[in-house]
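Examining the three-dimensional arrangement
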Amino acid sequence: MSETISRYATILISLGVLAALVAFNQGSEAQRLDTLKISTGYVLLFIVLLLGLQIAVLIAAGKMDLKHLISDSEGDASMGRFQLLVFTFVVALSFFLVVLHTQAIPEIPASVLTLLGISASTFAVSKSVDAGAKPDSESKPAGNPKPGGAAEGTGDGKE
Amino acid sequence: MHEQLIELTAKGAALLLGLLAAAVLYRLLTGGIRTKGLLLDSEGRSHSPARLQMLVLSIGGAMHYLSLVAQNPAKLPDPPQELLLLVGGSHALFMGSKAVPLFLSILSERLQRK
């Protein structure tokens, strides 16, 4: 599927470049530069959209493994990661709604960035606390025998 | 022509964000993303109140902000100060519940060595 998309993308990009070249040879120098800038913008927009669309389709189809998206190093779900995911999506969905309504890119207020900052700081601190807890669990002789790897850790490093 | 490109870029960015959010939400709800142990404490034995309150307040705060946006989608609204304080306090409580046992275990270990 990704090969087919890549083929179509290559053909469309080539056509876009050809159209830009044709348009570039018409009008005055200022008009040609303007046309070139706009054509480049359209081509870049198309490439980014196609890549994003492909990623979204792969995620929805289950071909991109997101099983451990919010898991910690022990494999259990982490609250620090989950809340960061929630707040990121809330800001993204708000952006989506505002763009649909205004048809323009909105300004992001400082307080929204503060909200995202609180969330990201919690994630970072949570990770550092877990990193601080990890050597204790690994230093226990019976807790995590490295050579065989049969027994798992005690779970002290969970987020 | 510039305006058309800007409008299309804005719509494209919004569409992309919406699609990615929808795809991840779909995987989360259908079990494609592991959520086991989300509310369990560090030992994995019992449910942690600190995690539960953070889950409730994070989702509640997020829904409240989304409702503010839905009421007036002309611009991104400022979240109320109360919401920031509530979310900040909830996260501080969660971090405290993780950091305090670690701090105490390090302290007791050092005291035992002495």
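Quick caveat, the model's predicted, so the values are computed rather than measured.

On to the overall build of chain A, then. Secondary structure assignment for chain A yields four helices and zero strands. When the helices and strands of chain A are read in sequence order from the N terminus, they spell out α-α-α-α. Relative to its 159 residues, chain A shows a buried fraction of 25%. Looking at chain A alone, contacts between residues at least 24 apart form 51% of all its contacts between residues at least 6 apart.

This part covers the overall build of chain B. Looking only at helices and strands, chain B features three helices and zero strands. Secondary structure elements of chain B occur, N-terminal to C-terminal, as α-α-α. Its C-alpha atoms give chain B a radius of gyration of 21 Å, clearly above 13 Å, the size a compact globule of 114 residues would have. Across its three principal axes, chain B shows a C-alpha extent of roughly 75 × 35 × 25 Å. Of all 114 residues assigned to chain B, the portion counted as buried reaches 21%. When contacts within chain B are restricted to residue pairs at least 6 apart in sequence, long-range pairs at least 24 apart make up 51% of them.

This next bit is on the domain arrangement of chain B. Many structure descriptions define interface size as the accessible area lost when the parts assemble. When cut into domains, chain B gives domain 1 (1–35) and domain 2 (37–114). Computed over C-alpha atoms, the centres of domain 1 of chain B and domain 2 of chain B are 27 Å apart.

The end-to-end C-alpha separation of helix α2 (residues 29–61) of chain A is 48 Å, in line with the 48 Å expected for 33 residues at 1.5 Å each. For α2 of chain A, every residue scored as buried is listed here: Ser39, Ala56 and Ile59 of chain A.

As a further point, take the confidence of the model for chain A. Residue and element names in this part refer to chain A. Model confidence for chain A is summarised by a mean pLDDT of 78, while 80% of its residues fall at 70 or above. Within chain A, the element-level pLDDT minimum falls on helix α1 (residues 2–24), averaging 74, and the maximum on helix α3 (residues 79–102), averaging 89. Between residues 138–159, whose pLDDT stays under 50, and residues either more than four places distant or in other chains, the model counts 39 contacts.

According to the domain assignment, chain A contains domain 1 (2–61) and domain 2 (79–134). The gap between the C-alpha centroids of domain 1 of chain A and domain 2 of chain A is 31 Å.

The next point concerns the environment of Leu69 of chain A. Residue and element names in this part refer to chain A. Looking at where Leu69 falls in the secondary structure, it is placed in the loop between α2 and α3. Taking the C-beta count within 10 Å as the criterion, Leu69 has 19 such neighbours and is therefore assigned partly exposed. When the C-alpha atoms of Leu69 and Ala19 are compared, they prove to be 42 Å apart, with 50 residues separating the residues in sequence.

Counted at 1.5 Å a residue, the expected span for helix α2 (residues 49–71) of chain B with its 23 residues is 33 Å, and the 33 Å between its end C-alpha atoms agrees. Along α2 of chain B, the positions that sit buried rather than exposed are Arg51, Met54, Ser58, Gly61, Ala62, Tyr65 and Val69 of chain B. Check the buried side of α2 of chain B and you find it contacts α3 of chain A together with α3 (81–113) of chain B.

The next subject is the interface of chain A and chain B. Opposite the 59 residues of chain A that make contact, chain B presents 58 residues. Ranked by residue count, the leading element in the side of chain A that touches chain B is α3 of chain A, at 18 residues. Tallied by class, residues from the side of chain A that touches chain B come to 38 nonpolar, 16 polar and five charged.

Definitions and cut-offs
Residues numbered from 1 in each chain as written. Chains lettered and ligands numbered in written order. Predicted model: local features only at pLDDT ≥ 70, side-chain atom pairs only at ≥ 80, totals over all residues. Helix = DSSP H or I, 4+ residues; strand = E, 2+ residues; numbered from the N terminus. Buried ≥ 20, exposed ≤ 12 C-beta atoms within 10 Å, placed from the backbone. Contact = placed C-beta atoms within 7 Å. Rg over C-alpha atoms; globule rule 2.2 N^0.38 Å. Domains from an automatic or database assignment. Expected span 1.5 Å × (residues − 1). pLDDT = per-residue confidence, 0-100. Nonpolar A, V, L, I, M, F, W, Y, C, P; charged D, E, K, R; others polar.

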